[in-house]
Amino acid sequence: MVAENVEFQVYKGILMHHSPVFKKILSRASTPNFASSASFPIPEVLVELDVLSGLPIVTVQDAARDWRYALRALMGDTIASRVTVCEMPKITSEQVFAFIRLGHKYQMESLRRTGLDYLKHYFTSDFGCYLSCHVYTNGDLMRDRFGNHDAIGVANLARLTGELSLLPTALLLCCRLDLRDLREHGLLYSDGQKEVLNKEDWLHCCQAAPEIVRTVASTAWEIFKTLPGECEHVFEGIGCMAEISNLRDSVVPKLIESLTRTMDPFLGRVDKQDDWKDATENMAPRCRQRLSEALRRRREAVWEMLPSLFNIEIEDWGLVEPIV
Ligand SMILES: [Zn+2]
């Protein structure tokens, strides 16, 4: 196989086993009268027979980088490592992207599925999962697995494969980047190639970004708006309302600026901040609970409208599990 002038020597049985596309191409190449590569399932794939050995030489129009990752996975030592990404603790976004890109193009379902399942764990449609996984940190989103620029690759792959549920969280992450950067510099791969965000989603990001900034500010307001003006604990000498005012008037406004910068309409880890914790510790448990409920409800409401911010319709989005 030849990709970008890099030659790979591959046992054709592996490709034929994993890919119906290669099965078709390589079976035809081994027929006695094979001469040209016309009318292959993927027209850009060129097949010639080597003069000396008679073996097929397949020229593909993909990044050698992608094929290196895919072939390593397909030719792993054990059956399990061939297709199970979870067996690879150090898997990078480049690898995952390669699995999905080539898996999709050549119908290598095990690679495609494995890559997509992995992405769906991080770019999830489940809010509980979103809150619990690495996504939910302030500035450095999932830095152990994905950089912010990787969201460009995720969004493009979502469009390629039709897995639209990846889009809302990917585009939210894209909005954290400089909007011009999404189309100009884009995502830089280790071999120096770059990938920019598709134009449709870039336009969605441009429209959504100011809306997200507005949502960050309104989220704080909405939380406190739903709380009662006074509570019964005032008779016990517990200053719940004073602490709530402190949070509303001082703690949260200070946070808004940084949350606007990081484009986090879920108010980041506001409830994990020391200021927040100090204030709520002085409140009666019932009012503390009321406040965290208000925060939770507001976050869920923002989560539910996330796809619409980017003008995307996704079936089953926002079905939050009822709390028992
Ligand atoms: Zn109270």
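Remember, predicted model here, so these are calculated numbers, not experimental data. (Residues numbered from 1 in each chain as written. Predicted model: local features only at pLDDT ≥ 70, side-chain atom pairs only at ≥ 80, totals over all residues.)

Undergrad: For this particular structure, what's the right way to read the confidence of the model for the protein?
TA: Reading predicted coordinates in detail is not appropriate for stretches of low pLDDT. A residue-level look at the protein finds 88% of positions with pLDDT of 70 or above and a mean pLDDT of 85. At the level of individual helices and strands, the protein shows its lowest average pLDDT in helix 4 (residues 79-83), which scores 46, and its highest in helix 8 (residues 150-161), which scores 97. Contacts from residues 134-140, a stretch scored under 50 in pLDDT, to residues over four places away or in other chains number 16 contacts. (pLDDT = per-residue confidence, 0-100. Helix = DSSP H or I, 4+ residues; strand = E, 2+ residues; numbered from the N terminus. Contact = placed C-beta atoms within 7 Å.)

Undergrad: Before we go on, may I ask you to explain the pairing of strand 4 (residues 56-60) in this structure?
TA: Sheet topology note: the strand 1 (residues 2-3)/strand 4 ladder contains 2 bridges and is parallel. The partner of Ala 3 across the bridge, within strand 4, is Val 60. The loop that links strand 3 (residues 46-49) with its antiparallel partner strand 4 comprises 6 residues; one of these, Gly 54, has a positive phi angle of about 75°. (Pairing = 2+ DSSP bridges.)

Undergrad: I tried to follow the sheet that holds strand 1 on my own but got confused; where do I start?
TA: Backbone hydrogen bonds are what pair the strands of a sheet, in a parallel or an antiparallel way. Ordered in space as 2-1-4-3, the 4 strands form an open sheet in which the pairing is mixed. In this open sheet, the two strands that pair with only one neighbour each are strand 2 (6-7) and strand 3.

Undergrad: In this structure, what is going on with helix 5 (residues 93-105)? I would like to understand it.
TA: One turn of an α-helix holds 3.6 residues; hence residues three or four places apart share an orientation. Its 13 residues place the ends of helix 5 18 Å apart at the C-alpha level, agreeing with the 18 Å of an ideal helix rising 1.5 Å per residue. For helix 5, the complete set of buried residues consists of Ser 93, Gln 95, Val 96, Phe 97, Ala 98, Phe 99, Ile 100, Arg 101, Leu 102, Gly 103 and Lys 105. One or two residues past the end of helix 5 sits Gln 107, with phi positive at roughly 55°. (Expected span 1.5 Å × (residues − 1). Buried ≥ 20, exposed ≤ 12 C-beta atoms within 10 Å, placed from the backbone.)

Undergrad: I tried to follow unusual backbone geometry on my own but got confused; where do I start?
TA: Across the chain, the bulk of peptide bonds are trans and the bulk of non-glycine residues have phi less than zero. For Gln 107, which is not glycine, the phi dihedral falls at a positive 55°. In this fold, Gln 107 is placed in the loop between helix 5 and helix 6 (109-122). Owing to 18 C-beta atoms within 10 Å, Gln 107 belongs among the partly exposed residues under this scheme. Despite not being glycine, Asp 316 has its phi angle at roughly 70°, a positive value. The residue Asp 316 is located in the segment after helix 14 (285-309) in this model.

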